[in-house]
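# Architecture at a glance
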Amino acid sequence: MNKTYYVCKYTPIELLESLGGECENFNHMPEGFDLADQVSHPNICGFGKTLLEGVMEGKIKELVLVSCCDTIRSVYDILLESGKLDFLYILDVLHCDSACSRERMAVQLKGLAKAYAQYKGTEFDAGKFRAAFHAQEKITKSHIAVLGARMGQELFEMTSKAMPLPVENDTCVHNRSVGNILPPEGASFDELMDWYAGEILGQIPCMRMMDPTGRKKLYNDPSVAGIIYHTVKFCDFYSFEYAEIKNHTDVPLLKIESDYTIQSSGQLLTRLEAFAESIQPETLEQTIDGDTKGERKMEKGYFAGIDSGSTSTDVVILNKDHEIVTSIILPTGAGAAIGADRALAEALKEAGLQREDIDALVTTGYGRTAIKNGDKSITEITCHARGAHFLNPEVRTVIDIGGQDAKVIQLGAKGQMMNFVMNDKCAAGTGRFLDVMATILHLDISDLEKQAAMSKKPVKISSTCTVFAESEVISQLAAGESIPDVVAGICNSVASRTAGLVKRIGVKGQIFMSGGVAKNGGVRSALECELNAPI
């Protein structure tokens, strides 16, 4: 028997089950949208494309939709025309919980019941209807709440694994509360549908409802120790709520966005792990054996750290007095693990040490999970915070521009990470952007600073995309602009994008800059001008 899939908490699941249906929330994330892109508009949100992809792949044969937004209406029209489903129905639900809306909802329920019963060849069973109601189990102890737009199952599992506390999925369809009250006994079908309409519309409202104030109970729950707010690309409804929550909660808050593909979820892991480290920073003070700091027996007194980045792999070795014994930077190469082994071997050779002389080895960076010989793995966000504090305890803002992303981190008085923002969706404004621009100009990356210093009138690089900026630079050169003026414009472009990130969390205290781009004086000077503060 085919399952009947649904996607909205306003779907009358209990009614469908009373008519012989087996219902399941369709919430899996595809690898991509190869089939969906052939039949849909490019600006349909990722979840709409996920539905289309599921149907086109033959995974869905029965589907009940709710007219919650324009995307779902468009998906319904496309699927209706495709003829690929055995059963397709859309409920037209008004976006309020008034008496008129409940009356209309009851009519919609009866219409669905008639169509579904005809399709299944069954009749409404009041006993099955009542048995389909189940109270929702909620986490009552300290936990992390995932709020906002629906989160794919694969991303939620990854989130749960990364967090130090239990995680409750209260996004979209997952905060359904129908079932907490059983239907009245002895009522007629019409009376049951009138009651049922009230139960469905009386849930915690979604953001598409005209009055979403009832959603406040989701983030005002005293057992919520942190909030991960999820949005889907091209879905604006939940972006408005994030601003409201940000201004009315004191618990740690992280906003992430996905396009509902597995690939996009993997790119969010660093943010999730850094957020987890900020929720329970005391775990960072534990040794590899799980004992508290200072209780682990010291042997040779040497400690190593490996930062496996997209461009380079960096190794630093410290002694027991927190002094740098040696440091080395090598190209990462094709594999993070191989690059890490090579860099560590070079660092040990330079320091005159053996691997067994290292009491503890901590890994960080994008390739940290591929390095199997490390004792502990910590996100680069937390490591940047701790490292900046180690070098200068007065630092409160860290700007890190690496090979493929840019980060701004806000520090507490003890060097703990208080807040952070990242630009990891595009190479513009990163080291990779500068590499591409240097190649176009036939310059070595180290020459950019000197060229920018010779500029008399920097050109404006307006494109925010590396590919488009490349075309823009070529056009500027063809128009007769000098190389120094173009290079200065490139540095200003990077500084402008980075300053936008900084202003999202605000400048506090002294500013510290790290990452390979920190060596570029042209970018540093431009960024100081943008922020009106020394770095």
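Scope of this entry: the structure provided in the associated data block.

The rules we used
Residues numbered from 1 in each chain as written. Predicted model: local features only at pLDDT ≥ 70, side-chain atom pairs only at ≥ 80, totals over all residues. Heavy atoms only, no water. Core = buried A, V, L, I, M, F, W, Y, C linked by side-chain atoms within 4.5 Å. Buried < 20%, exposed > 50% of the residue type's maximum accessible area, 1.4 Å probe, protein only. Contact = heavy atoms within 4.5 Å. Helix = DSSP H or I, 4+ residues; strand = E, 2+ residues; numbered from the N terminus. Salt bridge = Lys/Arg side-chain N within 4 Å of Asp/Glu carboxyl O. 1 Å grid on protein atoms, 1.4 Å probe; cavity = no way out; pocket = protein on both sides within 12 Å on 5 of 7 lines; lining within 4 Å. Points joined across faces, edges and corners; volume = space filled by probe spheres on them. Polar contact = N/O pair within 3.5 Å; in protein donor to acceptor, adjacent residues only side chain to side chain. Axes fitted to C-alpha atoms, helices over the stretch in contact; angles between N-to-C directions. Left-handed = near helix turned anticlockwise from the far one by under 90°. Nonpolar A, V, L, I, M, F, W, Y, C, P; charged D, E, K, R; others polar. Pairing = 2+ DSSP bridges. Phe/Tyr/Trp six-rings, centres within 6.5 Å; stacked < 30°, edge-to-face > 60°. Parallel < 35°, antiparallel > 145°, perpendicular 65-115°, else oblique.

To continue, consider the nonpolar core. Membership of the largest hydrophobic core comes to 105 residues, with the highest contact counts inside it found for Leu-51, Leu-63, Leu-79, Met-163, Tyr-196 and Leu-272. Those residues within four positions of Met-163 in sequence are excluded, and the remaining contacts are Ile-144, Ile-228, Leu-272, Phe-275 and Ala-276. Counting 39 residues, the second largest nonpolar core, distinct from the first, contains Phe-433, Leu-443, Val-494 and Val-523.

Looking now at unusual backbone geometry. Phi is positive for Cys-172, close to 35°, though the residue is something other than glycine. Structurally, Cys-172 is set in the loop between strand E6 (167-169) and helix H7 (189-201). We note that His-322 has phi near 65°; this positive angle belongs to a residue other than glycine. Its place among the elements puts His-322 in the loop between strand E10 (312-319) and strand E11 (324-331).

As a further point, take the pattern of salt bridges. Here the structure, examined in full by the defined rule, presents 17 salt bridges. Glu-380 serves as the salt-bridge partner of Arg-368, at 3.3 Å between the closest nitrogen and oxygen. With Arg-368 in the loop between strand E12 (358-364) and strand E13 (376-377) and Glu-380 in helix H13 (residues 380-391), this pair connects stretches of sequence that are twelve residues apart. Comparing Arg-368 with Glu-380, the two get one shared label, buried. The partner of Asp-405 in a salt bridge is Lys-407, and the shortest N-O contact between them spans 3.1 Å. Looking at Asp-405, the relative accessible area reads 2%, which means it is buried. A cluster of three or more residues bridged by salt bridges with shared partners is formed by Arg-73, Asp-92 and Arg-104.

So, on to empty space enclosed by the protein. Counting across every chain of the model gives one cavity of 30 Å³ or more. In this structure, the largest cavity occupies an estimated 60 Å³ of space. Every residue lining the largest cavity is listed: Cys-8, Tyr-10, Val-66, Ser-67, Cys-68, Val-93, Leu-94, His-95, Cys-206, Arg-208 and Met-209.

Our focus in this paragraph is the side chain of Arg-368. Of the residues examined, Arg-368 reaches a relative accessible area of 4% and is grouped as buried. A polar contact of 2.8 Å, which involves the side chain of Arg-368, links it to the backbone oxygen of Gly-365. Once residues within four sequence positions are removed from consideration, Arg-368 is found in contact with Thr-270, Glu-273, Ser-308, Thr-363, Ser-377, Ile-378, Thr-379 and Glu-380.

Moving on: the environment of Asp-211. Positionally, Asp-211 belongs in the loop between H7 and helix H8 (216-219). It is 15 Å that separates the C-alpha atoms of Asp-211 and Ile-200, two residues lying eleven residues apart in sequence. In terms of polar contacts, Asp-211 uses its side chain to reach the side chain of Thr-213, at 2.8 Å.

On to the packing of helix H6 (residues 153-162) against helix H11 (residues 269-279). At a minimum axis distance of 9 Å, the contact between H6 and H11 shows a crossing angle of 30°. The element H6 and its partner H11 pack so that their crossing is right-handed. From H6, Leu-155, Met-158, Thr-159 and Ala-162 reach across to H11, where they touch Leu-269, Leu-272, Glu-273 and Ala-276. A breakdown of the residues in the contact of H6 with H11 according to their chemical character gives six nonpolar, one polar and one charged.

The four strands are arranged E6-E5-E7-E8 in an open sheet whose pairing can be described as parallel. Strands with a single pairing partner mark the edges of an open sheet, and in this sheet they are E6 and strand E8 (253-258). Each strand axis lies, on average, 25° off the axis of its neighbour in the sheet, ignoring direction. Summarising the sheet, strand E5 (residues 143-148) and E6 pair through three bridges and their orientation is parallel. By the bridge assignment for E6, Ile-144 is matched with Val-167. Helix-sheet contacts for H11 involve E5, strand E7 (224-232) and E8, and the interaxial angle to E8 is about 170°.

A separate point is the packing of aromatic side chains. Applying the stated criterion to the full structure yields 13 aromatic pairs. Where Phe-87 meets Tyr-89, the ring centres are 6.3 Å apart and the plane angle is 5°; that geometry is what we call stacked. Like Tyr-89, Phe-87 is buried. Summarising the aromatic geometry, the rings of Phe-87 and Tyr-116 are spaced 5.2 Å apart at their centres and angled 75° between planes, so their arrangement reads as edge-to-face. Taken together, the residues Phe-87 in strand E4 (residues 87-91) and Tyr-116 in helix H4 (residues 99-120) connect sequence positions 29 residues apart. A relative accessible area of 0% means that Tyr-116 is categorised as buried. Taken together through their ring pairs, the aromatic side chains of Phe-124, Phe-129, Phe-133, Phe-189, Trp-195 and Tyr-196 make up a single cluster.

What the four strands build is an open sheet, ordered E2-E1-E3-E4; its pairing is parallel. Whereas interior strands pair on both sides, the edge strands pair on one side only; in this sheet they are strand E2 (23-25) and E4. Within the sheet, the average angular offset between the axes of one strand and its neighbour, ignoring direction, is 25°. The sheet contact formed by strand E1 (residues 4-6) and E2 spans three bridges and is parallel. Of the residues in E2, the one forming a bridge with Tyr-5 is Glu-24. Across the sheet, H4 lies against E1, strand E3 (62-66) and E4, angled at about 175° from E4, the strand it touches most.

Packing of helix H2 (residues 46-56) against helix H3 (residues 70-82) brings their axes to within 9 Å, and their N-to-C directions diverge by 20°. One way to sum up the angle between H2 and H3 is to call them roughly parallel. Here H2 runs over H3; the crossing is right-handed. When H2 is examined against H3, the residues Gly-48, Leu-51, Leu-52, Val-55 and Met-56 are found in contact with a partner set consisting of Thr-71, Ile-72, Val-75, Ile-78, Leu-79 and Ser-82.

Mapped onto the elements, His-248 comes out in the loop between helix H9 (237-247) and E8. Judged by its relative accessible area of 49%, His-248 is partly exposed. Sequence separation of His-248 and Tyr-219 is 29 residues, and the distance between their C-alpha atoms is 9.0 Å. With residues near it in sequence (within four places) discarded, His-248 still touches Tyr-219 and Asn-220. Side-chain polar atoms of His-248 contact the backbone oxygen of Glu-244, separated by 2.9 Å.

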